[in-house]
Amino acid sequence: MKTEALKKLLESMTLAEKIGQLVQWNYAALAMTDAEVTGPETLQLSADAMKYFGSVLNFSSADEMIRLQKQYLAGQEHPVPLLFMMDVIHGYRTAFPIPLAQAGSFDPDLVKECARAASAEAAAGGVHLTFTPMVDHVRDPRWGRVMESCGEDPYLSGIMGAAQVEGFRGKDLTDKGTLAVCVKHYAGYGAPEGGRDYNQAELSEHVLREWYLPAYKACLDAGADMIMPSFNSLNGLPSVANPWLMNQVLRDEWRFEGAVISDYNALDELITQGVAENRQHAAVQAMNCGCDIDMVSGCYASDLEKAVREGLISEDQINTAAMRVLKVKNDLGLFEDPFRGASADPETVNRLAREHRPLAEKAAIASAVLLKNTGVLPFDKAAKRIAVIGPFADSREIVGAWCCNCDTRETVTVAEGIRTLLPDAEVTVVTGCSARIGDTDGSMIGEAAHAAENADCVILCVGEEMECSGEGRSRASISLPGMQAELVRRVAGANPNTAVVLFGGRPLDLTPVEKIAPAMLEMWMPGTEGGTAAAKLLFGDAEPCGKLAMSFPKSAGQLPLFYARSNTGRPKQAPEDEYQPYCSNYMDCGNLPLYSFGHGLTYTEFRYDELRSEKTELRAGEDLNVTVRLTNTGKRTGTETVQLYINDKFSSVVTPVQKLAAFGRITLAPGESSEISLTVSHERMKLWNFAGQSVIEPGAFEISAGYADHLLLTQTFTVS
Ligand code: GLC
């Protein structure tokens, strides 16, 4: 529909109809079904509350969307199609690796490909818009939602978030297989005090500007249609009622003209947070902060019309909000086709899911991170007796939280992956010793150690169960739950040809097992083809190449922990495992993570031979072109993600000793030496100064190749 026609439609609507566009309900509340909901159930709806509404979430099939769309439109004087939304976080029916894992692939094209596939499945399933990407900046794995994030570097998060935006939205939203996107959770949700979900975040503008805001902006610049303020209070005000965040930054500075949707019941929670006296006050505050859609609280439905009549809100504000919602619907072509070609025939999605399994396997392989290898991996494919042990040895629950409509019965387990890869091997599976928090049953450990003793090689699958990460899944300890550390000790003690394979949605405290595990492969929550990918990686049919997008601490006591730290006035000079009085370090733990951001081994070795830049003197605003030469000195072909880190040697404010500035992937055959050219954008040379400006300050910079805390080659350059 042309904009003029859209304006005429808006003018023809009553106030009640326009407010209806700002109301979102759970499908379950509308259709009285038991479809899963993603938050505490809210009020049961009265008949008139259901007369006008604009969008729906938490439905589960195209059939439901088609039926409700038809039913709703049939009853409308001005038939404005409903917008159907869902959390397609890392797949719809096919589960791809969790976003924190995908970010570690350092392969935005792959991430875009996964988003594209998820979009095709979800659109066929009746979804119009996804609450993705989540690009909250994270520094604390006690917070269970790190699994949804793209990790602890805003530059990487912005690139991966933008890749998802492009993947979901495609070239044109009127293409049937595309989805509109809503970036979230704006802002500071990843910095809850104590790592406890929904807790307050107190962040300086300097930290917000440098670390917590950039990735959202990158997603909006990539074309995100909508943005979702976060549950948490930020510097004293919940995001959805935070004028600095929602008006000054988002609308005035960033000139965002798209729609804003609250998080689940967040308007009503303003009362609980003590900043709204009642539901009308909550509705007025949110509307004054440009929140266009009220997700399921009902505050807009019950109190906005009265607020307009009482002059607390102008009808212009309602018109502006309603027009932003109508524009999303119009961009999706819903006025021309309210069903967007979705088919009630489940076979449409089934066929797409079958087609996407190779991509799910490819993504699981690229996202896996080889943390440690004393040489036991890859295992010999001639192995005849293989023991697969632990709670994840034969588990289908390896798709991760927010796995949308995926059917875990379709997940390939590790044991199944190995049996498929090595049909002639004798595979002994010993499960038990749960990955559940607090489960102290270690009765199977003896049997496990016995099975290990009698095997040629052992795959020990441990970690944290799927339900331990995601929303509302904070942990004070991030240790391996239950008796798993003891299981690792006994099994690795019984057979040194053991590889520990890790599953979970967050960096865990692996210090208790790091020394005793001969090899450790982090699979994260790898998705539908996780078992296939694990088998191929373990036996060398695939090469591990993933890196960490988030640090693994030595101890939860180090948290929040992140690689881009500043020097302090007393940086530690002593060796990592030594305490140094009167400087910034712990008496009982090192400063560095157990595994740093950007860490990940391959089955070969790379020697970094040379780093050189085209220029060593730049003018402010110029990019830096860098070439890195490296050699594969090992016996197997491998892919290396070459990472460049920048350090501003002297600046008007404290800056990090290392900050990711560029990266690229290169594959080399054994003995092959080659170069990769990377461009360090001048944007990576900027800092947020004390006057509140984003500037490049003249002076000396260093550019280094390697990974966080392990910088190998360094060169100085100056900016005038
Ligand atoms: C949840 C989450 C948000 C999600 C929304 C809808 O509470 O905070 O990420 O998109 O509700 O499910």
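Since the model is a prediction, treat every value here as computed from it, not as a measurement.

A. Focus on the overall build of the chain. The helix and strand tally for the chain stands at 21 helices and 26 strands. Taking all 720 residues of the chain together, 62% fall into the buried category. The chain carries 65 positive and 94 negative side-chain charges, and their two centres are separated by 2 Å.

B. Summary view of the site of the ligand. Neighbouring the ligand are 14 residues, the closest being Thr38, Asp87, Arg145, His185 and Asp263. Separating an oxygen atom of the ligand from a side-chain N or O atom of aspartate 87 is a distance of 2.5 Å. The side chain of glutamate 471 places a nitrogen or oxygen atom 3.0 Å from an oxygen atom of the ligand. Here the ligand has 310 Å² of accessible area as a free molecule, and 100% of this is covered by the chains. Each residue belonging to the shell around the ligand can be placed in one class, and the counts come to seven nonpolar, two polar and five charged.

C. Representation of the nonpolar core. Within the largest apolar cluster, 220 residues are counted, with the highest numbers of intra-cluster contacts made by Tyr186, Ile386, Ile389, Ile459 and Leu510. Counting residues per element, this core draws most heavily on helix H6 (residues 108-124), which supplies nine residues. Setting aside residues no more than four positions away along its own chain, isoleucine 389 makes contact with Val430, Met444, Ala448, Ala451, Ala452, Val458, Ile459, Leu460, Cys461, Leu487 and Val491. Core analysis: the second largest hydrophobic core is formed by 26 residues, Val628, Ile676, Leu678 and Ala705 among them.

D. Just the sheet that holds strand S6 (residues 226-229), in detail. Read from one edge of the open sheet, eight strands run S9-S6-S5-S4-S3-S2-S1-S10, paired in parallel fashion. Because the sheet does not close on itself, it has two edges, and the strands there are strand S9 (259-260) and strand S10 (294-295). Inspection of the sheet shows strand S4 (residues 129-130) paired to strand S5 (residues 180-186) by two bridges, in the parallel sense. Bridge pairing links leucine 129 to alanine 180 in S5. Here helix H9 (residues 214-221) sits on the sheet and contacts S5 and S6; the angle it forms with S5, its principal contact strand, is near 165°.

E. Examining the environment of arginine 67 more closely. Tracing the backbone through its elements, the reader meets arginine 67 in helix H4 (residues 62-74). Through-space distance from the C-alpha of arginine 67 to that of glutamine 715 is 63 Å; in sequence the pair is 648 residues apart.

F. Region of the structure containing unusual backbone geometry. Residues tyrosine 186 and alanine 187 are joined by a peptide bond in cis, for which omega reads 5°. On the secondary structure map, alanine 187 appears in the loop between S5 and helix H8 (205-212). The peptide bond linking leucine 559 to proline 560 adopts the cis configuration, its omega dihedral lying at 0°. Turning to its location among the elements, proline 560 is positioned in the loop between helix H21 (530-538) and strand S17 (606-613). The backbone of aspartate 709 sits at a positive phi, close to 65°, despite the residue not being glycine. Along the chain, aspartate 709 falls in the loop between strand S25 (699-707) and strand S26 (710-719).

G. Region of the structure containing the pairing of S26. Pairing geometry for strand S18 (residues 617-618) and S26, over two bridges, is parallel. Paired with glutamate 617 across the two strands is threonine 718, which belongs to S26. Summarising the sheet, S25 and S26 pair through nine bridges and their orientation is antiparallel. Along S26, the bridge assignment pairs glycine 699 with valine 719.

H. Geometry of the packing of aromatic side chains. According to the stated counting rule, one finds 17 aromatic pairs in the structure shown. An angle of 50° between the planes, with centres 5.7 Å apart, marks the rings of phenylalanine 379 and phenylalanine 539 as tilted. Note that phenylalanine 379 is positioned in the loop between strand S11 (369-373) and strand S12 (385-389) and phenylalanine 539 in the loop between H21 and S17, a separation of 160 residues in sequence. Classification of phenylalanine 539 by relative accessible area gives buried; the value is 3%. Here phenylalanine 552 and tyrosine 595 contribute two aromatic rings whose centre-to-centre distance is 6.4 Å and whose plane-to-plane angle is 75°, an arrangement assigned as edge-to-face. Of this pair, phenylalanine 552 sits in the loop between H21 and S17 while tyrosine 595 sits in the loop between H21 and S17, placing them 43 residues apart in sequence.

I. How the structure looks around the pairing of strand S3 (residues 83-86). Both faces of S3 are covered, namely the face carrying Leu83 and Met85 and the face carrying Phe84 and Met86. Here strand S2 (residues 55-57) runs beside S3; their pairing, made up of three bridges, is parallel. Looking at the pairing, valine 56 lines up with phenylalanine 84 of S3. Handedness of the crossover is the feature at issue here: the chain leaves S2, passes through H4, returns alongside S3, and the resulting connection is right-handed. Of the strand pairs in this sheet, S3 and S4 are connected by two bridges, and their pairing is parallel. Within S4, the residue paired with methionine 85 across the bridge is leucine 129.

J. Just helix H16 (residues 357-367), in detail. Of all eleven residues that make up H16, eight are buried, and the element is covered over most of its length. For H16, every residue scored as buried is listed here: Leu359, Ala360, Glu361, Ala363, Ala364, Ile365, Ala366 and Ser367. Elements in contact with the buried residues of H16: helix H5 (99-103), H6, S11, strand S16 (519-524) and H21.

K. Just the sheet that holds strand S14 (residues 457-463), in detail. Spatially, the six strands line up as an open sheet ordered S11-S16-S15-S14-S12-S13, and their pairing is mixed. Looking at which strands have only one partner, the edges of the open sheet turn out to be S11 and strand S13 (426-430). Across the sheet, the axes of successive neighbouring strands diverge by a mean angle of 20°, strand direction being ignored. Sheet topology places S14 next to strand S15 (residues 498-503); six bridges connect them, and they run parallel. Looking at the pairing, isoleucine 459 lines up with alanine 499 of S15. Contacting S12, S14 and S15, helix H19 (residues 484-494) crosses the sheet at an angle of about 170° to S14. Packing of H21 onto the sheet brings it into contact with S14, S15 and S16, and relative to S16 it is tilted by some 155°.

L. A look at the pattern of salt bridges. Summed over the entire model, instances satisfying the criterion amount to 47 salt bridges. For glutamate 113, the salt bridge goes to lysine 362, with nearest N and O atoms at 3.3 Å. Pair noted here: glutamate 113 is in helix H6 and lysine 362 is in helix H16, with a separation of 249 residues, a long-range link. Its salt-bridge partner being glutamate 205, residue arginine 209 comes within 2.9 Å of it at the nearest N-O pair. Linking arginine 209 with glutamate 205, this pair stays in helix H8, spanning four residues, or about one helical turn. Residue class for glutamate 205 comes out partly exposed when judged on its relative accessible area of 34%.

M. Focus on the state of the cysteines. Here the structure, examined in full by the defined rule, presents zero disulfides. Here cysteine 433 is not cross-linked by a disulfide; its sulfur's nearest cysteine counterpart is in cysteine 461, at 12 Å. Considering cysteine sulfurs only, cysteine 457 is the nearest to cysteine 461, which forms no disulfide, with 11 Å between them. On the basis of relative accessible area, cysteine 461 is assigned to the buried category, the value being 0%.

Reading the values: the criteria
All residue numbers refer to positions counted from 1 along the written sequence of the respective chain. Only residues with pLDDT of 70 or above have their local features reported here, since the model is predicted, and side-chain atom pairs are shown and tallied only from 80 upward, although totals for entire chains, interfaces and linings are computed over all residues. Hydrogens and water molecules were not included; the side-chain quantities draw on all heavy atoms of the structure. Helix and strand assignments follow DSSP, with helices taken as H or I runs no shorter than four residues and strands as E runs no shorter than two, numbered in order from the N terminus. Whether a residue is buried, partly exposed or exposed follows from its accessible area with a 1.4 Å probe, protein chains only, as a fraction of its type maximum: under 20%, in between, or over 50%, in that order. For the purpose of charge, His is not counted, nor are the chain termini; Lys and Arg are scored as positive and Asp and Glu as negative. Lysine's charge is taken at NZ, arginine's at CZ, aspartate's at CG and glutamate's at CD. When we say a residue is near a molecule or strand, we mean one of its heavy atoms is within 4 Å of it. Pairs of N or O atoms within 3.5 Å make up the polar contacts considered here, provided that, within protein, one atom can donate a hydrogen while the other can accept it, and that residues adjacent in sequence are counted only when both atoms are side-chain atoms. A 1.4 Å probe and the Shrake-Rupley method give the accessible areas. Residues count as covered only by the protein chains that appear here. Nonpolar residues are Ala, Val, Leu, Ile, Met, Phe, Trp, Tyr, Cys and Pro. Charged residues are Asp, Glu, Lys and Arg, and all others, Gly as well, are polar. Within this scheme, the nonpolar core is defined by two criteria: the residues are buried Ala, Val, Leu, Ile, Met, Phe, Trp, Tyr or Cys, and they are joined through side-chain atoms within 4.5 Å. Any two residues whose heavy atoms approach within 4.5 Å at even a single point are treated as in contact. Should DSSP find at least two bridges between two strands, the strands are regarded as paired. Under this scheme, a helix contributes an axis fitted over its contacting stretch, all axes are lines through C-alpha atoms, and angles between N-to-C directions fall in the 0 to 180 degree range. Between rings of Phe, Tyr and Trp, where Trp is taken as its six-membered ring, a pair exists when centres lie within 6.5 Å; planes separated by under 30 degrees are stacked, by over 60 edge-to-face, and by other angles tilted. Handedness is read with the strands pointing away from the viewer; a crossover is right-handed when the path from the first strand over the helix to the second is clockwise. The salt bridge definition used is simple: a Lys or Arg side-chain nitrogen within 4 Å of an Asp or Glu carboxyl oxygen. Two cysteine sulfurs form a disulfide in these notes if their separation is within 2.5 Å.

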